[in-house]
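Residue-level listing of the chains:
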Number of protein chains: 2
Amino acid sequence: MAIKESKTDVLIIGAGPSGYMCATWLARCGIPFRIIDKRSNEIFAGQADGLQSRTLEIFKSFSENCFDFATLDQGWKVANHVTEMCFWSPNDNGYLTRKSRVPDSAPGVSKYTECVIHQGNVEKWFNDSIEHFSDGKVKVERPLLPISLQINENEINNPQAHAVDILIKKLDDNSAKPEQFGKIANGLFRAFDGDQEKFYKDITKDNEDDYELIHAKYVVGSDGAHSWVRKQLEIDMDGDHTDFVWGVLDMVPITNFPDIRSRCAIHSKESGSVMVIPRENDLVRFYIQLKEVDRDSSTETKEFSGTTEERKETSKRIDRSKITPESILKQAQEIFKPYTLEMTDLRWYTGYQIGQRVSPKFGSHDRVFITGDACHTHSPKAGQGMNVSMQDTYNLGFKLALVCKGLSKQDILSTYESERLKVARDLIAFDHKLSRLFSGKPMIPNSDVMDGVDLDEFQSLYRQGSKFASGTIVDYEDSLLISKKQSNISSSSPDEEGRVFSSLATKVPVGRRLYNDHIIAQADGRPVDTLERFSSDGRFRVLIFAGDVKNHPKNFDLLNDFQELIDSKEYFAKKFTPINAFANSVIDIVTIHSSDRHDVELEDFPSFTHPLDFKRRCDYWRLYSGVGETYHEGKVDIYSTYGIDKKKGAILVLRPDSHVALVSEFSIAGLNKVNDYFNGFMIPQTNVKLPPKDPQFDDVKRFVLPRLAV
Amino acid sequence: MAIKESKTDVLIIGAGPSGYMCATWLARCGIPFRIIDKRSNEIFAGQADGLQSRTLEIFKSFSENCFDFATLDQGWKVANHVTEMCFWSPNDNGYLTRKSRVPDSAPGVSKYTECVIHQGNVEKWFNDSIEHFSDGKVKVERPLLPISLQINENEINNPQAHAVDILIKKLDDNSAKPEQFGKIANGLFRAFDGDQEKFYKDITKDNEDDYELIHAKYVVGSDGAHSWVRKQLEIDMDGDHTDFVWGVLDMVPITNFPDIRSRCAIHSKESGSVMVIPRENDLVRFYIQLKEVDRDSSTETKEFSGTTEERKETSKRIDRSKITPESILKQAQEIFKPYTLEMTDLRWYTGYQIGQRVSPKFGSHDRVFITGDACHTHSPKAGQGMNVSMQDTYNLGFKLALVCKGLSKQDILSTYESERLKVARDLIAFDHKLSRLFSGKPMIPNSDVMDGVDLDEFQSLYRQGSKFASGTIVDYEDSLLISKKQSNISSSSPDEEGRVFSSLATKVPVGRRLYNDHIIAQADGRPVDTLERFSSDGRFRVLIFAGDVKNHPKNFDLLNDFQELIDSKEYFAKKFTPINAFANSVIDIVTIHSSDRHDVELEDFPSFTHPLDFKRRCDYWRLYSGVGETYHEGKVDIYSTYGIDKKKGAILVLRPDSHVALVSEFSIAGLNKVNDYFNGFMIPQTNVKLPPKDPQFDDVKRFVLPRLAV
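Residues numbered from 1 in each chain as written. Chains lettered and ligands numbered in written order. Predicted model: local features only at pLDDT ≥ 70, side-chain atom pairs only at ≥ 80, totals over all residues. Heavy atoms only, no water.

Focus on the overall build of chain A
Phase 1: Along the backbone of chain A there are 16 helices and 29 strands.
Phase 2: Sorting the 710 residues of chain A into buried and exposed places 65% on the buried side.
Phase 3: Contacts spanning at least 24 positions in sequence make up 75% of the contacts within chain A whose residues lie at least 6 apart.
Phase 4: Surface summary for chain A: the accessible area is close to 25600 Å², and the carbon and sulfur share equals 48%. (Helix = DSSP H or I, 4+ residues; strand = E, 2+ residues; numbered from the N terminus. Buried < 20%, exposed > 50% of the residue type's maximum accessible area, 1.4 Å probe, protein only. Contact = heavy atoms within 4.5 Å. Areas by Shrake-Rupley, 256 points an atom, 1.4 Å probe, with all protein chains shown as cover.)

Shown next, in the form of structure tokens:
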């Protein structure tokens with residue numbers, strides 16, 4: 001049939017947090033893309049709500065210079081900050097007691113701590129961000145259902161080929177509304193995604209005007225736990241459900257329990273466990289262990305279109321009709337005794353079975369990728385789901401942008417699976433352990449209940465897990481994009497926390513995201529947070545820590561020697577930047593000396609630290625002092641924070657996601673290592689001239705930008 | 001003629017920063033009001049740009065719990081922070097030299113320092129805020145011209161009477177466009193406001209459908225330097241213009257001057273002075289002293305409808321056609337020598353004469369008020385105009401809201417003039433001194449130029465003025481709303497900075513805004529900035545510093561004794577709150593103890609510190625610890641910050657604008673003083689029942705709110 005055909009660089013299937021994060025990257029980098037969702041509207045209540053430290057850092061990194069719209073970093077402002085974690089369990093007399101109080105987020109790992117807000121808010125901020133970055137050109141298209149997907153294998157070696165064909169169908173608005181609280185009586189966790197078949201049963205009836213064949217260079221399947229994209233790739237998940245059944249309530253509690261505004265893990269003696277998560281607007285989320293729920297035997301005979309693995313799983317599902325808010329509350333009241341618990345302003349409820357599953361592959365041919373719940377599912381209580389899902393596409397998005405722009409070789413795309421599969425497996429293992437300890441009956445010392453869960457072990461695991469859960473210790477191994485090997489690693493094996501350090505920056509774990517600190521702008525003396533200066537704009541960064549140029553004149557001489565290399569067409573700065581693009585628009589070179597800012601003058605430094613553009617406007621924002629007293633914000637010493645010697649200096653290379661790719665010497669040899677790094681995967685641009693009217697490139701907001709527009 | 005008539009509580013004339021701030025208060029407090037402007041569109045460039053510390057604090061105080069819209073506190077995020085002030089002048093050889101560098105904002109006075117952004121952004125955030133607070137019901141109505149104003153004197157003693165009649169006329173959109181750069185060749189500073197007469201000349205021609213007669217309880221004239229409202233009240237300004245003529249350029253400079261991204265005051269030897277103010281997007285504003293500008297003699301014979309005083313002034317006006325960007329730049333180049341200065345991306349320019357004028361009265365009959373430029377004008381270089389203008393209506397707005405709601409007696413309105421006229425006069429005096437020192441030729445020590453301005457005196461005045469300019473030291477005298485007399489003042493006379501302190505809170509100047517610090521929520525351990533907790537929501541606040549209730553059990557007993565008074569219908573807490581309103585919705589009672597939060601439990605405190613509402617939902621956010629170690633943000637000790645004894649405690653009363661109204665003993669006698677304070681001007685509400693469907697009152701966002709809605 002003669003249906004509509006179209007082309008796009010990237011098609012994102014699924015507008016949840018994972019799909020949205022990918023879309024934000026692509027919009028920020030000016031890549032043509034589309035994002036579709038089969039639901040006709042957004043989420044109003046329930047689902048995920050935890051925002052972890054690394055996620056909040058990422059949100060902040062997208063907000064630089066974004067005027068006048070509700071950016072992602074609203075999260076930190078409006079979400080409920082969870083400050084404290086309290087452990088409650090029976091004392092020797094079986095009486096429910098506060099056993100300990102600890103910080104919910106481990107101090108020192110990030111400037112942000114865990115906070116909690118309804119997923120619907122997060123999706124709204126993403127929507128605004130995508131509109132903002134794409135100048136209103138891209139919005140989520142819904143309800144659109146993917147029908148078929150085909151990878152044309154003879155085209156997969158041409159990175160710019162539109163090698164994937166996806167047939168999509170426009171749905172009727174009403175039939176595509178997700179189940180929401182208030183509309184139907186109840187719903188299992190992620191129940192909607194389980195009802196895939198209802199979309200496909202009427203397909204034969206409709207007319208071809210509803211269809212469109214999209215030819216995409218790349219496809220991202222962010223379509224949830226029952227991912228259609230994953231099924232097309234014929235990837236089965238590893239893992240299974242457990243028999244533990246949990247109920248969830250979002251409501252305002254009326255209670256005399258003293259820690260209701262803190263995060264609490266409560267183990268009762270006989271009645272199961274509760275996780276308490278205080279939320280925005282005085283709401284509290286309760287995860288409540290349910291003791292008796294009947295299995296729903298009817299599903300065994302039900303028609304189902306999923307894979308064998310899924311049919312098997314369905315047969316074990318719980319009977320959702322037995323789970324009501326009242327039944328969940330009743331169980332919670334038992335667990336909370338002797339404290340009272342009543343409920344008002346019920347917002348949402350559901351029931352779910354704990355399961356841990358992970359996909360053995362995260363895509364196919366580096367052309368079609370799956371992300372988020374499509375490749376890992378687990379229990380929600382560690383507040384990880386939304387975060388790891390967004391971090392998947394925070395990893396994938398910038399790589400797709402680099403390849404689509406023709407700046408990087410296609411080979412870098414394979415690092416998505418190698419980097420993120422490990423994270424998913426670590427997460428599943430952590431969740432598996434924690435869930436079992438949380439779901440078990442507690443051992444009560446000096447009592448007859450000696451065969452239960454050791455609560456000290458539970459607390460200890462929980463606290464250890466806090467750094468992991470923060471998302472800040474994710475560590476990527478050697479690849480095209482990470483060069484631990486070239487980084488003068490000081491020890492042959494990782495330390496007890498799994499970190500490896502360069503002898504040149506003894507506190508910067510190579511492969512992990514660079515911890516933020518302040519630097520002082522040479523031009524105006526303002527202390528700047530590196531999280532804002534090193535923002536998510538798609539650029540690599542070369543940080544030249546030049547040391548104390550005032551007291552070590554050789555350092556100053558060396559910096560001057562760099563000028564020639566940076567001017568050379570054979571060297572990374574010019575070689576990988578299109579000839580008519582702004583300087584620093586692909587690789588952002590930032591110099592951070594350790595002299596007192598008042599002892600040196602900007603004009604004395606080589607011109608690459610304050611270059612002029614085609615209008616001779618000066619870019620003042622690439623020369624900083626890393627050490628000194630500020631007028632209003634105290635002392636700054638990023639050299640100490642990073643363990644960099646003020647005489648020797650160092651060079652750090654950051655990927656666009658702020659992971660440290662390479663640490664090398666502050667020397668010509670060190671700069672040559674940086675050059676080698678980029679030669680490994682970047683494509684020379686010395687013959688590339690950007691078309692001046694190309695909407696991808698002539699708008700500074702959309703192409704990576706060397707300086708602000710005026 | 002039978003023209004349309006309507007009623008409103010407050011009519012604001014003029015949608016500049018001053019009118020907008022008033023509107024924000026009224027919208028926040030749920031008062032019916034309208035805001036009109038004769039211009040058909042907003043400002044696109046130029047005009048005011050400095051945001052001072054106190055203004056940024058006020059912006060922040062309106063942003064609490066405002067989800068999903070660009071709030072006023074965007075200012076701090078997107079504006080250019082001015083960190084440093086540099087003084088340049090000729091050295092002994094006459095060569096232009098950096099004489100000193102100092103912090104632009106005095107350290108320690110506020111968490112915010114001066115920043116700079118185009119006034120149009122500020123007005124946009126105000127627009128959004130008003131829409132948000134009024135649920136989209138109020139927008140600026142434009143272009144609407146006020147035609148006549150009449151105060152019905154026989155009604156002025158009834159606070160709820162619509163005692164002011166204003167006739168307004170709808171203008172044609174095109175004729176009401178302000179002069180903007182790009183549309184016309186140039187424009188004098190505030191040139192548009194000077195062209196009042198053009199609006200009035202065609203009035204006879206039109207039909208009555210364009211007119212509306214508004215009956216307002218109160219009218220606020222925020223209509224600029226050539227205020228129509230002021231003229232109706234027949235108030236003449238005191239003061240005059242000087243002969244100093246200045247040009248202004250907003251552009252991106254191309255220069256080798258090293259401090260171009262800092263605020264600079266440059267005195268050249270022979271060529272005059274320049275003020276450099278670095279702005280957002282790499283723009284810089286230059287205020288440049290012009291040496292030779294012809295007087296425009298034609299204005300003497302021109303028709304003009306202003307007062308005698310204004311006609312006089314007009315005759316001295318400069319010839320605007322002689323001032324071009326090129327002529328201003330040329331003069332700047334002379335001053336900058338030997339540094340080079342070129343210009344690109346010119347955004348706006350103008351010329352103005354320095355003048356300092358202040359109105360002797362700020363309104364009439366406490367029914368019609370004038371604010372902002374309508375009652376004080378001065379040179380723009382101290383970055384004060386927009387700030388003092390907004391602070392005028394930040395003072396007036398909450399008073400109007402209290403009176404319109406029927407909560408406070410009309411008498412409080414007279415404090416607007418008594419409090420703000422003093423500020424205006426201080427500002428004019430400061431500006432007068434500074435302008436003359438800045439405009440004069442510098443004295444060069446050991447040279448033949450010994451009769452000029454002493455630059456040490458200039459710098460010293462500038463630095464002294466920095467605290468004043470920050471807006472944080474504004475001090476209101478005794479009145480119905482300020483009770484220094486009852487505050488146990490420790491010394492008979494103010495200190496060298498003009499402050500008076502209570503012996504109970506030895507670091508809190510009574511009459512000034514309370515400096516912010518952190519307190520720790522008892523319920524969840526989160527450190528909270530008082531600037532956010534004590535937000536601008538129209539409520540008074542009673543802060544009970546109960547001291548160390550753990551180690552001084554008598555303090556705990558006393559707190560328990562307060563419960564009875566707080567429950568009494570004869571006492572302020574109940575007496576001045578409508579009987580069916582939320583507790584704490586008029587007067588917000590906050591208890592801050594100094595015990596370790598972990599040593600005490602919320603449930604042990606009397607119920608006024610954690611009251612239940614009609615649904616039995618608990619308000620957890622009125623009990624705090626003021627002293628302790630936080631998990632992530634270091635030590636907190638607000639008792640030390642405020643100089644309050646941890647055994648004796650104290651009670652502080654804050655006005656809705658956070659100015660300290662009263663400091664009293666933490667005792668029954670002290671609480672009785674608080675009661676006396678409110679009895680002085682509040683109206684008993686013990687027979688007042690809010691109509692449940694009244695849109696003013698049943699929406700928690702609009703009425704003062706005791707707790708968040710869920």
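This is not the end of the story, as more comes after the structure.
A few points about the interface of chain B and chain A
Phase 1: With 61 residues of chain B at the interface, the matching set in chain A holds 62 residues.
Phase 2: The shortest N-O distance in the salt bridge between glutamate 342 of chain A and arginine 616 of chain B comes to 2.8 Å.
Phase 3: Linking chain B with chain A are 22 residue pairs in polar contact (both at pLDDT 80 or more), by the criterion used here.
Phase 4: Among the elements of the structure, α3 (74–78), β6 (96–103), α4 (119–133), β11 (238–255) and β15 (341–358) of chain B are those that each provide at least two residues to the side of chain B that touches chain A. (Salt bridge = Lys/Arg side-chain N within 4 Å of Asp/Glu carboxyl O. Polar contact = N/O pair within 3.5 Å; in protein donor to acceptor, adjacent residues only side chain to side chain.)

So, the relation of the copies chain B and chain A
Phase 1: Note on the copies: chain B fits chain A at an RMSD of 0.0 Å, the axial shift is 0.0 Å, and the rotation between them is 180°. The transformation relating the two chain copies, once decomposed into turn and shift, fits a two-fold axis.
Phase 2: Mapped onto chain A, 100% of the interface residues of chain B again fall at the interface, so both copies present the same surface. (Least-squares fit on C-alpha atoms with pLDDT ≥ 70 in both.)

What to know about the sheet that holds strand β25 (residues 623–625) of chain A
Residue and element names in this part refer to chain A.
Phase 1: Taken together, seven strands build an open sheet; the order of strands is β22-β21-β25-β24-β23-β28-β29 and the sheet is mixed. Edge positions in the open sheet fall to β22 (527–529) and β29 (660–664), since each of these has one partner strand only. The average undirected angle you get between the axes of adjacent strands in this sheet is 30°.
Phase 2: As judged from the three bridges shared by strand β21 (residues 518–521) and β22, these two strands associate in the antiparallel manner. Looking at β22, one finds that isoleucine 519 is bridged to valine 528. (Pairing = 2+ DSSP bridges. Axes fitted to C-alpha atoms, helices over the stretch in contact; angles between N-to-C directions.)

Notes on the packing of aromatic side chains
Phase 1: With the rule as written, the count across this model stands at 72 aromatic pairs over all chains.
Phase 2: Geometrically, the ring pair formed by tyrosine 20 of chain A and phenylalanine 126 of chain A is stacked, given 5.6 Å between the ring centres and 5° between the ring planes. Of this pair, tyrosine 20 of chain A sits in helix α1 (residues 17–29) while phenylalanine 126 of chain A sits in helix α4 (residues 119–133); the two residues are 106 residues apart in sequence, bridging distant segments of the chain.
Phase 3: Taken together, a centroid distance of 5.1 Å and an interplanar angle of 55° make the contact between phenylalanine 556 of chain B and phenylalanine 605 of chain B tilted. In this pair, phenylalanine 556 of chain B is assigned in helix α14 (residues 553–567) and phenylalanine 605 of chain B in the loop between β24 (587–593) and β25 (623–625), connecting sequence segments 49 residues apart. Each member of the pair, phenylalanine 556 of chain B as well as phenylalanine 605 of chain B, carries the same accessibility label: buried.
Phase 4: Of the aromatic side chains, those joined through ring pairs into one cluster are Phe540, Tyr571, Phe572, Tyr677, Phe678 and Phe681 of chain A. (Phe/Tyr/Trp six-rings, centres within 6.5 Å; stacked < 30°, edge-to-face > 60°.)

Points about the pattern of salt bridges
Should their charged atoms come close, side chains of opposite charge can pair.
All names here are of chain A.
Phase 1: Within the structure shown, the criterion is met by 100 salt bridges over all chains.
Phase 2: Aspartate 392 serves as the salt-bridge partner of arginine 420, at 2.8 Å between the closest nitrogen and oxygen. One end of the pair, arginine 420, is in helix α10 (residues 414–439); the other, aspartate 392, is in helix α9 (residues 385–404), with 28 residues separating them in the sequence.
Phase 3: Using a relative accessible area of 0% as the deciding quantity, one classes aspartate 392 as buried.
Phase 4: Several salt bridges converge on common partners, so that one network encompasses Arg533, Asp537, Arg539, Arg541, Asp588, Asp619 and Arg622.

Re the pairing of strand β9 (residues 164–170) of chain A
All names here are of chain A.
Phase 1: Within β9, six of the seven residues are buried, which leaves the element mostly enclosed by the surrounding structure.
Phase 2: Of the pairings in the sheet, the one linking strand β8 (residues 144–151) to β9 comprises seven bridges and is antiparallel in character. Bridge pairing in β9 links isoleucine 151 to valine 164.
Phase 3: Of the pairings in the sheet, the one linking β9 to strand β10 (residues 211–221) comprises six bridges and is antiparallel in character. Residue pairing for β10: lysine 169 is matched across the bridge by tyrosine 211.

What to know about the side chain of serine 18 of chain A
Phase 1: If you trace the backbone, serine 18 of chain A turns up in helix α1.
Phase 2: Apart from the residues within four sequence positions on either side, serine 18 of chain A is in contact with Ser222, Thr371, Gly372, Ser389, Met390 and Thr393 of chain A.

Notes on the environment of lysine 330 of chain B
Phase 1: Topologically, lysine 330 of chain B is positioned in helix α9 (residues 325–336).
Phase 2: Residues lysine 330 of chain B and leucine 145 of chain B, spaced 185 residues apart in sequence, show a C-alpha to C-alpha distance of 40 Å.

Some words on α14 of chain B
All names here are of chain B.
Phase 1: Compared with the 21 Å implied by 1.5 Å per residue over 15 residues, the 22 Å span of α14 between its first and last C-alpha is a close match.
Phase 2: For α14, the set of buried residues is Asn555, Phe556, Leu558, Leu559, Phe562, Gln563 and Ile566.
Phase 3: On its buried face, α14 sits against β23 (540–547), α15 (572–575), β24, β28 (650–654) and α17 (668–679). (Expected span 1.5 Å × (residues − 1).)

Description of the domain arrangement of chain A
Phase 1: Examined at the domain level, chain A breaks down into domain 1 (4–80 + 113–238 + 357–435), domain 2 (239–297 + 315–355 + 437–468) and domain 3 (485–680).
Phase 2: Put simply, the middle of domain 2 of chain A and the middle of domain 3 of chain A, counted by C-alpha atoms, are 49 Å apart. (Domains from an automatic or database assignment.)

A word on the packing of helix α2 (residues 53–61) of chain B against helix α10 (residues 385–404) of chain B
All names here are of chain B.
Phase 1: For the pair α2 and α10, interaxial distance at closest approach is 10 Å and the crossing angle is 45°. Relative to α10, α2 is oriented oblique. For the element pair α2 and α10, the recorded crossing hand is left-handed. Note on element contacts: α10 touches α2 through Asn387, Met390, Gln391 and Tyr394, opposite Arg54, Thr55, Ile58, Phe59 and Ser61. (Parallel < 35°, antiparallel > 145°, perpendicular 65-115°, else oblique. Left-handed = near helix turned anticlockwise from the far one by under 90°.)

Focus: the pairing of β21 of chain A
All names here are of chain A.
Phase 1: From the end of β21 to the start of β22, which pair antiparallel, there are five residues, and glycine 525 there has a positive phi angle of about 75°.
Phase 2: Where β21 lies against β25, two bridges are found, and the strand directions are antiparallel. Across the sheet, alanine 521 pairs through a bridge with tyrosine 624, a residue of β25.

Structural notes on the packing of α10 of chain B against helix α11 (residues 414–439) of chain B
Residues and elements named next belong to chain B.
Phase 1: Between α10 and α11, whose axes approach to 10 Å, the crossing angle comes to 170°. Considering their axes alone, α10 and α11 lie roughly antiparallel with respect to each other. Contact residues: Val388, Gln391, Asp392, Asn395, Leu396 and Lys399 in α10; Thr415, Tyr416, Glu419, Arg420, Val423 and Leu427 in α11.
Phase 2: For the contact of α10 with α11, the residue count by class is five nonpolar, three polar and four charged. (Nonpolar A, V, L, I, M, F, W, Y, C, P; charged D, E, K, R; others polar.)

Quick look at the sheet that holds strand β7 (residues 115–116) of chain B
Residues and elements named next belong to chain B.
Phase 1: An order of β3-β7-β4 is seen for the three strands of this open sheet, with the pairing classed as antiparallel. The open sheet terminates on both sides in strands that have one partner only, identified here as β3 (50–51) and β4 (80–81).
Phase 2: Bridge count between β3 and β7: two bridges; the pairing is antiparallel. Of the residues in β7, the one forming a bridge with glycine 50 is valine 116.

A look at a negative patch on the surface
Phase 1: Residues Asp557, Asp561, Glu564 and Asp567 of chain A make up a contiguous surface patch of negative charge.
Phase 2: With respect to the helices and strands, the residue glutamate 564 of chain A is situated in helix α13 (residues 553–567). (Patch = residues over 30% accessible without salt bridge, like charges linked within 9 Å, V, L, I, M, F, W, Y side chains within 5 Å. Lys, Arg positive; Asp, Glu negative; His and termini not counted. Charge placed at Lys NZ, Arg CZ, Asp CG, Glu CD.)

Remarks on the environment of glycine 471 of chain A
Residue and element names in this part refer to chain A.
Phase 1: Along the chain, glycine 471 turns up in the loop between α11 (455–470) and β19 (501–502).
Phase 2: On a C-alpha basis, the gap between glycine 471 and valine 423 in space is 9.6 Å, while along the polypeptide they are 48 residues apart.
Phase 3: Apart from residues no more than four positions distant in its own chain, glycine 471 is found in contact with Arg54 and Gln391.

A short note on the state of the cysteines
Phase 1: Inspection of every chain in the model, using the stated rule, returns zero disulfides over all chains.
Phase 2: Its sulfur unpaired, cysteine 86 of chain B is 4.5 Å from the next cysteine sulfur, which belongs to cysteine 264 of chain B.
Phase 3: Cysteine cysteine 618 of chain B is unpaired, with the sulfur of cysteine 264 of chain A as its nearest cysteine sulfur at 15 Å. (Disulfide = S-S within 2.5 Å.)

Quick look at the environment of methionine 682 of chain B
All names here are of chain B.
Phase 1: Structurally, the position occupied by methionine 682 is in the segment after α17.
Phase 2: Taking the C-alpha atoms as reference points, methionine 682 and lysine 139, 543 residues apart in sequence, are found 31 Å from one another.
Phase 3: Every residue in contact with methionine 682, bar those within four places of it in the chain, is listed here: Leu407, Ser408, Lys409, Phe540, Phe576 and Val586.

Topic: unusual backbone geometry
Phase 1: The linkage connecting lysine 337 of chain A with the following residue, proline 338 of chain A, adopts the cis geometry, with an omega of 10°.
Phase 2: Looking at the element boundaries, proline 338 of chain A is found in the loop between α8 (325–336) and β15 (341–358).
Phase 3: Here glutamate 234 of chain B, not a glycine, exhibits a phi torsion of approximately 55°, which is positive.
Phase 4: Assignment of secondary structure puts glutamate 234 of chain B in the loop between α7 (228–232) and β11.
Phase 5: A relative accessible area of 70% means that glutamate 234 of chain B is categorised as exposed.
Phase 6: Within the chain, asparagine 488 of chain B stands out as a residue other than glycine whose phi angle is a positive 50°.
Phase 7: Along the polypeptide, asparagine 488 of chain B turns up in the loop between α12 (455–470) and β19 (501–502).
Phase 8: On the basis of relative accessibility, which here comes to 26%, the residue asparagine 488 of chain B falls in the partly exposed class.

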